[in-house]
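Observations on chain architecture
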Amino acid sequence: MVDIRSQTREELQARFSEWDQPPYRVDQLLDWLYARRVTSWSAMTNLPKALRHQLSANYSFNELELVRKQGARDTTQKFLWRLSDQSLIESVLIPANPALYSERSDRHTLCVSTQVGCAYGCGFCASGLEGFKRNLRVEEIVNQVVAIERWHGDQPDEMQRIDGTKPAERLINNLVIMGMGEPLANYDNLIKALKILNAPWGGRIGARKITISTSGLVPQIRKLADEPLQFRLAISLHGATDAVRSKIMPVNRKYPLAELTAACDYYQQKKSRMITFEYILISGLNDDLDQIKPLAKLAHRLNAKVNLIPYNKVEDLPWERPTEEKQETFLSALQREKVSATLRREKGHDIDAACGQLRLKTERELKTATAALR
């Protein structure tokens, strides 16, 4: 059965027309789904009972189950969700850096997952350690945003005041599609979900506030460039040469830097938008200064910003994060090359915030507990 939050306004209008329902009923339904974020048909009290029954007979209404949450209200928070098939996925809520004079920022970014596991095998990432299970459906992507907005609205007033927002106000201002999985490998479901989250009747998040990350799927980057909406693009680069990148990113063997750069050129020709290079600093692998010149060359050619991210340690993987001194040295060297670069400083290092870490830990705990009961 099709889930109600996988449907666009146009699809619902067509169905309501078949049912001889007046057009305003669609707007009432969408208000319940995305403004009030209800969790049952019975809560939609201004819809006739007969229509609610018809909806329940034709559409499912699946919600995410919150399994675990880590982090404080005013810092990075990780949410672990259980899907209807018992799979686990993660979302990460990231506050902006504090404003001047210690005032709380009113901007929040949500990092959203697009797959259960990952098939691309990046050597530093926890998402693929248990393999790839499946793509997320449209509603499972959409519901990560809806569920966290609902969670925020359910907090008591004194909790709301911690980050300067009130229950009625929206929490999420920016989306980054950088969670578990390779977003562009789930292209059709992702784009439909983002159109719902962007729509004025849906999530109401501006397209330019939505950043899609990819490890470098060249055909899909070109396809994304042809989309009418102005989504931002981030490349998970993590190495400025093929030699370094191929050590940790198998995708680079299929789409090496020359092909990736050409696809990014095409994206910029179509969009005229700045690209972001995500660059995880890994000690002894890609943090040497010999990466500076080729990284600067790529950044200048593509008018790209470089976002440096100190590595979050993952159990079972050998990598370590560089010292703070090494991180700052790398940043300064890039800036001397006139590259627009930032260094992410402690956003979730203490809560297993790297992609897939909390899911991996929880699944292993569940397996251990199940084995002990046998």
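Residues numbered from 1 in each chain as written. Predicted model: local features only at pLDDT ≥ 70, side-chain atom pairs only at ≥ 80, totals over all residues. Heavy atoms only, no water.

Points about the pattern of salt bridges
- For the coordinates displayed, the defined rule picks out 20 salt bridges.
- The partner of Lys 223 in a salt bridge is Asp 188, with the nearest N and O atoms 3.7 Å apart. Taken together, the positions of Lys 223 in helix 7 (residues 218-225) and Asp 188 in helix 6 (residues 187-198) put the pair 35 residues apart, joining distant regions of the chain.
- Under the relative-accessibility criterion, Lys 223 is labelled partly exposed at 42%.
- Notably, a salt bridge pairs Lys 195 with Glu 227, separated by 3.9 Å at the nearest N-O pair. With Lys 195 in helix 6 and Glu 227 in the loop between helix 7 and strand 11 (232-236), this pair connects stretches of sequence that are 32 residues apart.
- Residue Glu 227 is classed as buried on the basis of its relative accessible area of 14%.
- Among the charged side chains, a salt-bridge network with shared partners connects Asp 85, Arg 134, Arg 137, Glu 139 and Glu 140. (Salt bridge = Lys/Arg side-chain N within 4 Å of Asp/Glu carboxyl O. Helix = DSSP H or I, 4+ residues; strand = E, 2+ residues; numbered from the N terminus. Buried < 20%, exposed > 50% of the residue type's maximum accessible area, 1.4 Å probe, protein only.)

A word on the sheet that holds strand 4 (residues 77-82)
- The 10 strands are arranged 3-4-5-6-9-10-11-12-13-14 in an open sheet whose pairing can be described as mixed. Two strands lie at the open edges of the sheet, namely strand 3 (65-70) and strand 14 (341-343), each paired on one side alone. The mean inter-strand angle of the sheet, taken between neighbouring strand axes irrespective of direction, is 20°.
- Both strand 13 (residues 304-310) and strand 14 contribute to a ladder of 3 bridges, which runs parallel. Counterpart to Asn 307 in the pairing with strand 14 is Thr 342.
- Against the sheet, helix 12 (residues 324-336) contacts strand 12 (275-281), strand 13 and strand 14, and its axis sits at roughly 170° relative to strand 14. (Pairing = 2+ DSSP bridges. Axes fitted to C-alpha atoms, helices over the stretch in contact; angles between N-to-C directions. Contact = heavy atoms within 4.5 Å.)

Examining the packing of helix 11 (residues 292-302) against helix 12
- The contact between helix 11 and helix 12 brings their axes to 10 Å, and the two run at 50°. As the angle between them shows, helix 11 and helix 12 are arranged oblique. In the crossing of helix 11 with helix 12, the sense of the turn from one axis to the other is right-handed. Facing helix 11, whose interface residues are Ile 292, Leu 295 and Ala 296, helix 12 presents Phe 330, Ala 333 and Leu 334.
- Class assignment of the residues belonging to the contact of helix 11 with helix 12 gives a composition of 6 nonpolar, no polar and no charged. (Parallel < 35°, antiparallel > 145°, perpendicular 65-115°, else oblique. Left-handed = near helix turned anticlockwise from the far one by under 90°. Nonpolar A, V, L, I, M, F, W, Y, C, P; charged D, E, K, R; others polar.)

What about the confidence of the model for the protein chain?
- This prediction gives the protein chain a mean pLDDT of 89; 85% of its residues lie at or above 70.
- Here residues 99-103 is a poorly scored stretch, pLDDT under 50, and it has 1 contact once near neighbours within four places are set aside; other chains count.
- Confidence drops under a pLDDT of 50 for residues 368-374, and excluding neighbours within four residues, the segment shows 0 contacts in the predicted structure. (pLDDT = per-residue confidence, 0-100.)

Some remarks on unusual backbone geometry
- Despite not being glycine, Gln 86 shows a phi value in the positive range, around 75°.
- Of note, Gln 86 is situated in the loop between strand 4 and strand 5 (88-95).
- Using a relative accessible area of 53% as the deciding quantity, one classes Gln 86 as exposed.
- The backbone phi angle of Asn 303 is positive, close to 50°, even though this residue is not glycine.
- Among the secondary structure elements, Asn 303 is positioned in the loop between helix 11 and strand 13.

Observations concerning the packing of aromatic side chains
- Tallying each qualifying case throughout the model produces 7 aromatic pairs.
- With 4.8 Å between their ring centres and 65° between their planes, Trp 41 and Phe 61 make a pair best called edge-to-face. Of this pair, Trp 41 sits in the loop between helix 2 (24-35) and helix 3 (49-58) while Phe 61 sits in the loop between strand 2 (59-60) and strand 3, placing them 20 residues apart in sequence. Neither Trp 41 nor Phe 61 differs from the other in exposure class; each is buried.
- An aromatic cluster of three or more residues is present, and its members are Phe 16, Trp 19 and Tyr 59.
- One Lys or Arg, Arg 5, reaches over the ring of Tyr 34 and ends 6.0 Å from the middle of that ring. (Phe/Tyr/Trp six-rings, centres within 6.5 Å; stacked < 30°, edge-to-face > 60°. Lys NZ or Arg CZ within 6 Å of the ring centre and 35° of its normal.)

Considerations on the nonpolar core
- Ranked by internal contacts, the top residues of the largest apolar core, which has 104 residues, are Leu 29, Leu 55, Leu 175, Phe 277 and Val 306.
- With 8 residues, the top contributor of residues to this core is helix 4 (residues 138-153).
- Ignoring anything within four residues of it in the chain, the contact list for Phe 277 reads Ile 235, Leu 237, Leu 295, Leu 298, Ala 299, Leu 302, Ala 304, Lys 305, Val 306 and Asn 307. (Core = buried A, V, L, I, M, F, W, Y, C linked by side-chain atoms within 4.5 Å.)

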